[in-house]
Amino acid sequence: MPDAATTQKTSNVTLTIDGRSLTVPEGTMIIEAAKSIGIYIPHYCYHPALSIAGSCRLCLVEIKGMPKLQIACSIPVKEGMEVFTNTEEVKDARIGMMEFLLANHPLDCPVCDRGGECMLQRFSVDYGIAHTRFMDQKRRFRKPQFDPLIDIERNRCILCTRCVRFCDEIAGEHVMGVFNRGEQNYIGTYGDGPVSNIFSGNVIDLCPVGTLTSKPFRFQARVWELHQLQTTCPYCASGCPVTCWTRDGKVCRTTPPIRKDKGKYVLDEDTTEFICNQGRFGLDIGHHAERLRHPIIRNNGPDAPVTWDEAIQAAAQGLRRIRNEHGPQAVAFLASPSATCEELYLFQRLARSVIGTNNIDWRGHLASPDIAAAFSLAMSTANGMLDDLSEIECVLVLNCDLLHEAPVTALKLREAARKANIELLLLGHHIDSWLATHAKAYLQCLPDQEHALIYALDQAIAKAEPEPTSADVDTIRELSGAGKETVESLITSLRSAGSGVIVYGVSEIWSHLASTVVDDLVALRNTLGPQWALLPVNPERNASGAFATGCQSDRLPGSGCDNQKTWEKLESLWGKVPLVRAAGLSAPDILEQASLGEIKGLVVLGSDALLRHPKPERVNQALKTLEHLVVIDVFPSSTTEQAHVVLPGALFTEKDGTYIDAEGRLARLCKGDDPPEDARDNWQILGELAKALGTEFPYQRLDDVFAELMNLLHPPCPFTLEELAPEGPGAECPIRCITKPSDRFHVLAGKYHALASSFRPTCHVRFAELPTAHAEEKIPPTVESGPGLILTWAPILQGRDHWGGRSPTMAPLRPSPYIEIHPSNAKELAVQTGDAVELRMGELRLLLRAIVCAGPAPGTVHVASNLVDLPLGDYLTRLPRVQLKKVEGKQT
Amino acid sequence: MNCPYKIGVGPRNYAKLQWRIFHTLGPYCRGVLLYARETMSNQNPFKPVMLHDVDRKGYEPLAEYRARGGYKALEKVLTRVAPDDVTEIVKQSGLRGRGGAGFPAGVKWSFLPKGYQGPRYLVCNADEGEPGTCKDRPIMEKHPHLLLEGMAITCYAIKAKVAYIYVRGEYYTAIEVLEKAIDEAYKAGLLGKGILGKEFDLDIYVHPGAGAYICGEETALLDSLEGKRGYPRLKPPFPAVEGLYRRPTIINNVETLASIPSIIEKGPEWFRSLGREKSSGFKIYPVSGHVKRPGNYEVPMKTTLRQLIYDHAGGIRNDRKLKAIIPGGISTQVLTPDSLDAIADFEGIAEAGSLLGSAGIIVMDETVCMVWVAMKLSRFYHHESCGQCTPCREGTAWIRKIMERMERGQGRPEEIDLLLDLCHKINARSICPLGDGATPCIISTIQHFRHEYEQHISMGRCPFRSTEAH
Amino acid sequence: MMLREQKAKAVEKILKRYPDRRSAIIPLLWLVQRTAGYVTPDGITEVAEITGVTLTQVQEIVSFYTMFHQKPVGRYLISVCDNISCSLLGAEQLVEHLEGRLGIRAGETTANGLFSLQTVECLGACNMAPVMIINETLYPNLTTEKIDQILKNCT
Ligand SMILES: Cc1cc2nc3c(=O)[nH]c(=O)nc-3n(C[C@H](O)[C@H](O)[C@H](O)COP(=O)(O)O)c2cc1C
Ligand code: SF4
Ligand code: FES
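Residues numbered from 1 in each chain as written. Chains lettered and ligands numbered in written order. Predicted model: local features only at pLDDT ≥ 70, side-chain atom pairs only at ≥ 80, totals over all residues. Heavy atoms only, no water.

A. Region of the structure containing the overall build of chain B. Looking only at helices and strands, one finds 19 helices and eight strands in chain B. Going through the 470 residues of chain B one by one, you find that 63% of them count as buried. For chain B, the share of sequence-separated contacts (at least 6 apart) that also reach a separation of at least 24 residues comes to 69%. On chain B, roughly 17600 Å² of surface is accessible, and the fraction owed to carbon and sulfur atoms is 52%. (Helix = DSSP H or I, 4+ residues; strand = E, 2+ residues; numbered from the N terminus. Buried < 20%, exposed > 50% of the residue type's maximum accessible area, 1.4 Å probe, protein only. Contact = heavy atoms within 4.5 Å. Areas by Shrake-Rupley, 256 points an atom, 1.4 Å probe, with all protein chains shown as cover.)

Structural data, given as C-alpha cells:
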C-alpha cells in the first residue's frame, strides 16, 4: 500500500499529562506522548520497535474518567485526555509491581553482568521497598546450554517477552518462546538450542534485566569501568554506527551507538538501532595473536624483524628501481575496499603523483576486465538511498542475498515492507528468501536470462498503455516461469510507484553478462523515470569510498578520468607534478600484466580483496612473478607470504578515518587503541613511503588529508574530521554526512538527528520459506533439459574473511558450507534441509549441507563462495553446472 | 375477572393476553392479576428447558429432538424473522450472558461493526472450568441439538457463516456427542449450505481445549483457538470488533446459546416473566458441596439461595449447620448464612456482597476450615494463571505460598494483612479478570473468618485438622 | 512422519476446519498424543511442519496446556479432581488411598508402567463430586470402595 502513508490523515490530538498540555499525532501511545515532553514512564515490556505486550503492568497511569489504572503503553491518546503519571495510586501500583517482580528475583547483582545497566535496579531505586516481605523459597530454574554467544539466567527473568517478540517480529523467526504456564513460565528455545539468527545479539540489549547477557563479555568487566568508543562497524556496506566498549584499548563488547542520558552514557534499552552479530561480536580481533607486529624484509633468508627505516627504505628502493628501469607503468597499486577514505586517497596520490601511474584499483577480487567495467558503470550510476524509507514507495531488489551481505539494510527494508510502508519486489537468479516473506511479488530466472528479463520488464513498462500488453507479460512469464498475476502486479507496482529504488548486489554480478545486466538496469531506471534511483550494494565496507576517492583505475577523487578540470586541479594541488592523463589498468588487468611480467612492482594496501579472488592460483602466480611486492596489512595472508617487504598496519579500532557506505553516508571511524608493538597507522606508513620515494606529503594531521579530500568532492563537506566525531565523554554519535558517490555530493548534517532516530535495525541465518501463494508457479522449461543444476555464488558476511574470520567469538558461528536448493529441485532429489549432499563439478567433489529454500531460482543452486573451495574462476564465461546427490545417513 | 390460565390460555399467549388485560383493568384487579400470576407459576411450575430429561442415558438424538419441536425456532427465524430482528428479540428478552460476566447477549451482538463485509465468527465458550460450575456439561452431553440450534439462530442473527465450539479437553463425552450431533445435523440439512432450503450457510466445528482454565476467558480462548498460548488480549479492541483471526467475533457461553431457541419459540416476554427486572429468564444453578442432593437445578432466576440449597438440594448433609456459601464459582466472595434469602440473580447476589458469576453454588458446613478453603482456592489460581502479566503471575504464587504455610499453622501474624495488601495490589491491575478473581476468596474469608486465620497462627496448626471433612 | 502417513485423513479433516493452519496445532497434538501416548519430539516436529510454525511455537503450546504429556504416562492415567467441591467431599483422602494402593505419589507412574496418578483442577462435574477420570472415562461419586472396584477392572 504505497499511498497508505500519504493518504493517512495524521491529525493531531491535544491532551494534558501531569497538567502539561501537549499536542501529538493521533494514535500515539501515552507512553510516547509523555516521553516527548520529557516525562519518563517506567516500563519493561514496552519497546518502540516491537508489538505491544502490555504485560509488565509497570506503566500504569491514571486517566481522568477511567475507574481503573490504565497501561500507558497500549492506550492511544485522545482529544482532551487528562493523564496523571505520578499520583499516589500510580506510585502504589508501581511499588506493587516492583515488589512482585523482585519477590522471586535472585539477589545476585554482585555477579550479574547487567549491573549498572539493569532496569530492575534502576526502578528499584525509585519504587523498591527496603525490606522484602517475601519469606518463602525463591523460584529456581535449571541453567541450560542455550546459545554459543548468549548466556541465559532464567531466575532473573521478568518475562517481558521482548526477546521473544524481537525474534518473531524483527529477526523473522519465532525461535525464542515462553514455555510452561503461570509462575513457572520461562523463556528459551526449543530443546535449548541456539537463537539461530544473525541479529540474535540484540536480545542482549533488549533484555531489561540480566537474563540474557553476552557470553564473550561475561565477567570481563563492569560496564562503568569501560571506555566508550563511538565508531562505525567496519564489516559491511550497511555502515552501522556502533559503540565499542574498551578497556586498555581492548574491545570488550560492541553495542548499538549509545547516547548520553543525564550526563551519563547509558545503553538505551529502548534503542531501535539494531546491529548484526558480525558487528556485535566480531570486533574483538585487535589483540589477535596472529597480528603482524614488525616490519619484515624478505630476501631469500628467514624472516627477521627489521626497523621501520630499513623496511621503508627497502620498499621504496625496489619501487624506485623498477620505475627507473621500466617506467612508472611497470608499477601498480592494489588497495583494499576496507581501507579508510583517507588511506585510499593517499594511496592513489602515491600512485599517481609520486610514482606516476594510474594502475591503481581496489577491485582485486574481480576476475575479468568485463566485470570491472560493469562495476565502474554500476558505481557511477549509483544514486539511491534508503535512509528515508517513508519517502520511498517501492524497492526492487535484484540478485542480492541482502541479509548476508548488508544485514541491517535488509532489516530496514523488511521492517518497512512488514509495516506496509514500502512495496518490496524481488528479482533475479538468487533472491533473499528472508526478505521474500514480506515481498509483494518476486520473479526468478536463470542467471543467463537476467538481462533478457530486465529488458523485457523495461519494454513492458516503456509502453504507454495503462495495462501491460499480454505479449510482454508472456515474454516475462516465459523467462521467469511466474504466474500472470505475479508479473502483472510487479509491473503495476513498478509503474505506479511515485518513488523507488533498485537495489542490486554487485557480488552476484559475476558472469560475462555483467555489463549487459548493469546496462539494462540503468535503462530500466531511465524508463521508470527520475523518481527511481539505483543502489548497488558491495559486500565491502568502503567500496563507495574507494570509488569516491579515486582509488580506481578509471576514477579520480570526486570525478571520472575524462574530466580535464579535475586533472588540472589535482596537478596544482599535488605540487605541479604532471600526471598521466589516462585511465590506468584495472585490477584484473594488473594481475594479468603481472603474471605476464609486464608489471614488475606492486604495492598492496590490505590483501583482503585479493584473497577473495575466484582463482587464487592465478593471483599467486601473478604475485610470484613480481620483482618487488610491498604489502601493508594487519594479518598475514598468502599475499604477505609472497611480499618482499611487509609493513604492519593498523586495524579499525587503532586509527581515525572515514568510511562511506553503500548508500553514500560518510561515517567516522575512531581510534581507541594503538597498533600493537611496531605496527603503525596506515596513513603514516603511506606518508613515509612517499617521503622515501622523494615526495613529502604536506599533511600534518589526518584532518588535513580529510579536508583536502572533501574539497575535491562537490559540494564540499562542511565538517572537519574532528567535528564528524568528537571523541571522548560528551561525544555524540558520528555525524553522518550523506554523500552520493555520483558527482552529486550533498551533506545532510541537519538531518542527522532524524537519521539517528530513524529505524536502523539489523540479521538472520535461517532462510524463511516463501509465502505459499507463489510457490506453485511453474519451473522455467529450460531447466528440465539441462544437464545438472546451474551453480551461482556470492560471498557472505560471516564467511572466511581476512579480518572478521579471525574473530574467536564469531568462529563457532560461521555456518558450515551449505548449498541452497529450490524446493522443486529438492523434491526431485528427495533432499530436505539439513541433509548432506554431494556436489560434483567435473573432478571436484564437495560435501555440503542442504538448505531448501526459494532463494535460488528453480534449476539453480547457490553456495556461499567464501565458505567453500570452488574453482569458480573457470566458470566466468559459461554457466557452471553441477550434479547433486543426497548422501544417505549423514546429517549435517 | 377470570384468571387467564383458567380460560385456557396457554403460556405462549399468556403474556400477550396479560398485557392486553392488564391495561383494561383497574388497580384492584391488577393486584389480583399479579397475585394470580405469582400463584400460577407455583401451580404450574417452570419446566426445565435445558435439563429436560437430563437423567436419560446417552444424548437426545436429532429425531427425538425434532419430534418434540426441536429446530422449529430455527425454521421460524429463517422463514419469518430478519437477522436484526432476532437480535432485537434477544435484546428484549433481557438474556444476560451465562458465562460469568452477565453481559446482555443481544447488546453484545449489536456491537458488531455495521456494514462489515468480511467473515465474522461465532464462538461458543464451552470451556467450563470455574470450580463449582458444571452446568454446560449436561447441556452438551444430553441436548447437543439444543445448543446447535441456539448457535444456528445466533449465527443467522449475526450473519456468521462459521462457528466454533471451544470445548475444554476434559469433556471427552461432550466432544464426542457434539461431533455426532453435528454429523446428524449436516445429514439432515440443518448445517452446511442452504440450511432448511433457505439462503443460509453455516459450518460448526468443535475445537478441543487441552487443560487451561484461562482459556475460558474470551480473548484467551480466541488466542488458543488460533493455535497460540491461551493469553488474554489487551482490550480494546473487543472481540466484537477484532476477534478470531482479527475478524468481528461473538463469544457466548453454552447456556446463553442454549437459552435462545426457547426465547424465539416462546417470546421474550415469557422469558422476562421468569426473572426480575434486570435478570430475566431461567438459569441452571449447579449446587455442590455439603448438600444432601448436589446437582444442577434449572429454575427461574427469581429463586433464592435458600430455596436452592434447602428446597432443591435438600439442605445440609447430616443436617449440620451451614457455615459458608460460595455463590457463583470460586471467583466470587464467600457469603455467610445471613445471605440465604438473597435472590440468586445478578442483582440479588451483588447486594449480598458477592457476584453471581457462573452461578456455581458451593455449600460448606460447620466442619470446614475456611483457611483450608482459601488455601485450596489459592492453589487453583496459582496453577491456572497464564503467567502473562506481573501481578497475577507473581501475586497468585506468593499468595499460595503464604496460604499453604498459614494452613499448616506456620503463618505470621502480619501476614494476614500482607495477604490483603497483595490482593489489593493485584486487583484491577492485571490484564484479565483472572487476577481479580483470585482475590475475593482470600479477602472474603479474612473478612468473615479472620479469627480462623488468627487461630491457625496462634495454635501453630489447623484447628479443624482432627475433625473429619465428610 | 507418523501423522501424515497414518492419520492423513484425520489431519486433512482438521486442517479443513480453519482458515489458518496454526489453529490446527492443538487438535493435531491431540492426535499425536492419542497415537503415541504422549507428545513425542517427532510429533512436535511434524506438527510444526504441517502447520508451518517453528518448533518453539509448538513447544510453547505443549508446555502451556496441562493435558499434554511431554513424557510417557502409564496405561491408565488416573486424574483425580482435588478442587474445592471434590475436596469438601473427601477427594484428598481418595488421593491418599490411591497413593497407598498404587504405591506411588501423585504425579508418578508405577514401575510396571500400568498406572499414572495425578491430581487435577476442577473437572466440571462438581454435582457428582468426588470424581476422577481414568484415561477418557469419568467416574462419579467416588468412595474408597468404588475405587478399589474400578482398579480391579484395570489390568
Ligand atoms: C478467568 C476467566 C474464566 C472464564 N471461564 C469461562 C468459562 O469457562 N466459560 C464461560 O462461558 N465463560 C467464562 N468466562 C467468561 C468469558 O470471558 C466470557 O465473558 C463469556 O464467555 C461470555 O459469554 P456470555 O456473554 O454468554 O456469558 C471466563 C472469564 C474469565 C475471566
Ligand atoms: S490476570 Fe493472570 S491470567 Fe489474566 S493475563 Fe494476567 S497472568 Fe494471565
Ligand atoms: S510497558 Fe506497559 S505493560 Fe509493560
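B. Region of the structure containing the overall build of chain C. When helices and strands are counted, chain C shows eight helices and four strands. For chain C, the sequential pattern of α-helices and β-strands runs α-α-α-α-α-β-α-α-β-β-β-α. Each principal axis of the C-alpha atoms in chain C carries an extent, and together these give about 50 × 35 × 25 Å. In chain C, which comprises 155 residues, the share counted as buried stands at 59%. Across chain C, the 15 positively charged side chains and the 16 negatively charged ones have centroids separated by 9 Å. (Lys, Arg positive; Asp, Glu negative; His and termini not counted. Charge placed at Lys NZ, Arg CZ, Asp CG, Glu CD.)

C. Fine view of the environment of C:Ala125. Relative to the helices and strands, C:Ala125 is located in the loop between strand 2 (115-120) and strand 3 (132-134). In the structure, C:Ala125 is positioned 81 residues away from C:Ile44 in sequence and 32 Å away in space, judged by C-alpha atoms. Residues within four places of C:Ala125 in sequence aside, it is in contact with B:Cys134, B:Arg137, C:Val131 and C:Leu138.

D. Just the site of ligand 2, in detail. Around ligand 2 sit 13 residues, and of these B:Cys386, B:Cys389, B:Cys392, B:Ser430 and B:Cys432 come closest. Grouping the amino acids of the shell around ligand 2 by side-chain chemistry returns eight nonpolar, five polar and no charged. (Near = heavy atom within 4 Å. Nonpolar A, V, L, I, M, F, W, Y, C, P; charged D, E, K, R; others polar.)

E. The arrangement of the site of ligand 1 in detail. Residue and element names in this part refer to chain B. Around ligand 1, 18 residues are found, and the nearest of them are Gly99, Asn125, Asn252, Asn253 and Thr256. Within the side chain of Lys108, a nitrogen or oxygen atom sits 2.9 Å from an oxygen atom of ligand 1. For ligand 1, a nitrogen atom lies 3.3 Å from a polar atom in the backbone of Gly216. For ligand 1, whose unbound accessible area comes to 600 Å², protein coverage reaches 90%. Among the secondary structure elements, those contributing two or more residues to the shell around ligand 1 are strand 4 (249-253) and helix 18 (433-437). For the shell around ligand 1, the element with the highest residue contribution is strand 4, accounting for three residues. The class makeup of the residues in the shell around ligand 1 is four nonpolar, eight polar and six charged. (Polar contact = N/O pair within 3.5 Å; in protein donor to acceptor, adjacent residues only side chain to side chain.)

F. A look at the pairing of strand 10 (residues 227-232) of chain A. Residue and element names in this part refer to chain A. With respect to burial, strand 10 is a largely interior element, five of its six residues being buried. In this structure, strand 10 lies alongside strand 11 (residues 241-247), joined through six bridges in antiparallel fashion. Residue Gln230 lies in a different strand from strand 11, and its bridge partner there is Thr243. (Pairing = 2+ DSSP bridges.)

G. Local environment of the packing of helix 2 (residues 8-16) of chain C against helix 3 (residues 25-36) of chain C. Residue and element names in this part refer to chain C. Where helix 2 meets helix 3, the closest approach of the two axes is 9 Å, and the angle between their N-to-C directions is 160°. Between helix 2 and helix 3, the angle is such that the two are roughly antiparallel. Viewed along their axes, helix 2 and helix 3 form a crossing whose handedness is right-handed. Contact with helix 2, carried on its side by Ala10, Val11 and Ile14, involves Pro27, Leu28 and Leu31 of helix 3 and no other residues of that element. Per-class residue counts for the contact of helix 2 with helix 3 are six nonpolar, no polar and no charged. (Axes fitted to C-alpha atoms, helices over the stretch in contact; angles between N-to-C directions. Parallel < 35°, antiparallel > 145°, perpendicular 65-115°, else oblique. Left-handed = near helix turned anticlockwise from the far one by under 90°.)

H. Quick peek at helix 15 (residues 370-384) of chain B. With 15 residues, helix 15 of chain B extends 21 Å from end C-alpha to end C-alpha; this agrees with the ideal 21 Å at 1.5 Å per step. Within helix 15 of chain B, 13 of the 15 residues are buried, which leaves it mostly tucked inside the rest of the structure. (Expected span 1.5 Å × (residues − 1).)

I. Structural detail: the domain arrangement of chain C. What the domain assignment lists for chain C is domain 1 (2-64) and domain 2 (76-154). Here the C-alpha centre of domain 2 of chain C lies 29 Å away from the C-alpha centre of domain 1 of chain C. (Domains from an automatic or database assignment.)

J. Spotlight on the pattern of salt bridges. Under the definition given, this model contains 82 salt bridges over all chains. Residues A:Asp151 and A:Arg218 are paired through a salt bridge, measuring 3.4 Å at the closest nitrogen-oxygen approach. Within this pair, whereas A:Asp151 is found in strand 6 (residues 150-152), its partner A:Arg218 is found in the loop between strand 9 (212-214) and strand 10, the two being separated by 67 residues in sequence. Taking relative accessible area as the criterion, A:Asp151 reaches 5% and is therefore assigned buried. Judged by relative accessible area, which is 29%, A:Arg218 ranks as partly exposed. C:Arg105 is the salt-bridge partner of C:Glu99, the closest N and O atoms lying 4.0 Å from each other. Taking relative accessible area as the criterion, C:Glu99 reaches 19% and is therefore assigned buried. (Salt bridge = Lys/Arg side-chain N within 4 Å of Asp/Glu carboxyl O.)

K. Inspection of the interface of chain C and chain B at higher detail. In this complex, chain C contributes 42 residues to the contact, which on the side of chain B involves 58 residues. Regarding the contact of chain C and chain B, the summed buried area is about 4000 Å², with carbon and sulfur atoms giving 59% of it. On the chain C side of the contact with chain B, C:Phe64, C:Ile84 and C:Leu88 bury the most area, a combined 17% of that side's loss. The interface formed by chain C and chain B holds two salt bridges in total. Between B:Lys376 and C:Asp82 there is a salt bridge, and its shortest N-O distance comes to 3.5 Å. On inspection of chain C and its partner chain B, the count reaches 24 residue pairs in polar contact (both at pLDDT 80 or more). Secondary-structure elements contributing two or more residues to the side of chain C that touches chain B are helix 3, helix 5 (55-64), helix 6 (84-88) and helix 7 (91-102) of chain C. For the side of chain C that touches chain B, the element with the highest residue contribution is helix 3 of chain C, accounting for five residues. A breakdown of the residues in the side of chain C that touches chain B according to their chemical character gives 21 nonpolar, 11 polar and 10 charged. (Buried area = accessible area lost by both parts, 1.4 Å probe.)

L. Broad picture of the sheet that holds strand 6 (residues 295-300) of chain B. Residue and element names in this part refer to chain B. Taking strand neighbours across the sheet as the criterion, the four strands line up as 6-5-8-7 in an open arrangement whose pairing is mixed. Every other strand in the sheet has two partners, leaving strand 6 and strand 7 (322-326) as the edge strands with one partner each. Neighbour to neighbour, the strand axes of the sheet diverge by 25° on average, direction disregarded. Both strand 7 and strand 8 (residues 361-365) contribute to a ladder of four bridges, which runs antiparallel. The partner of Ala324 across the bridge, within strand 8, is Met364.

M. Unusual backbone geometry, seen in detail. Residues and elements named next belong to chain B. In this chain, Lys235 is followed by Pro236 through a cis amide linkage whose omega measures -5°. Positionally, Pro236 belongs in the loop between helix 10 (218-225) and strand 4. Residue Pro237 follows Pro236 across a cis peptide bond; omega there is 0°. With respect to the helices and strands, the residue Pro237 is situated in the loop between helix 10 and strand 4.

N. Focus on the sheet that holds strand 10 of chain A. Residue and element names in this part refer to chain A. Across the sheet, three strands lie side by side as 10-11-12; this open sheet has antiparallel pairing. Whereas interior strands pair on both sides, the edge strands pair on one side only; in this sheet they are strand 10 and strand 12 (250-255). Between one strand and the next, the sheet's axes are offset by a mean angle of 35°, whatever the strand orientation. Judged from the five bridges that link them, strand 11 and strand 12 form a sheet pairing that is antiparallel.

O. Structural view of the packing of aromatic side chains. Tallied over the entire structure, the rule returns 32 aromatic pairs over all chains. A ring pair is formed by A:Phe179 and A:Tyr186, whose centres lie 5.8 Å apart and whose planes are at 70°; its orientation type is edge-to-face. Judged on exposure class, the residue A:Phe179 and its partner A:Tyr186 are both buried. Ring geometry for C:Phe64 and C:Tyr65: centres 5.0 Å apart, planes at 75°, overall edge-to-face. In this structure, C:Phe64 and C:Tyr65 share a single accessibility class: buried. A network of ring pairs unites the aromatic residues B:Tyr121, B:Tyr164, B:Tyr205, B:Tyr245 and C:Tyr18 as a single cluster. When the ring centre of B:Phe346 is taken as origin, the NZ or CZ atom of B:Arg96, which lies over that ring, is 4.1 Å away. (Phe/Tyr/Trp six-rings, centres within 6.5 Å; stacked < 30°, edge-to-face > 60°. Lys NZ or Arg CZ within 6 Å of the ring centre and 35° of its normal.)

P. Examining the domain arrangement of chain B more closely. All names here are of chain B. Assigned domains within chain B: domain 1 (40-273) and domain 2 (370-459). Its C-alpha centre places domain 1 at a distance of 35 Å from the equivalent point of domain 2. At the junction of the two partners, domain 1 supplies 11 residues and domain 2 supplies nine residues. Of the roughly 850 Å² buried where domain 1 meets domain 2, counting both sides, 74% is carbon and sulfur surface. At the boundary of domain 1 and domain 2, one finds zero salt bridges. Counting across the interface, domain 1 meets domain 2 through two residue pairs in polar contact (both at pLDDT 80 or more).

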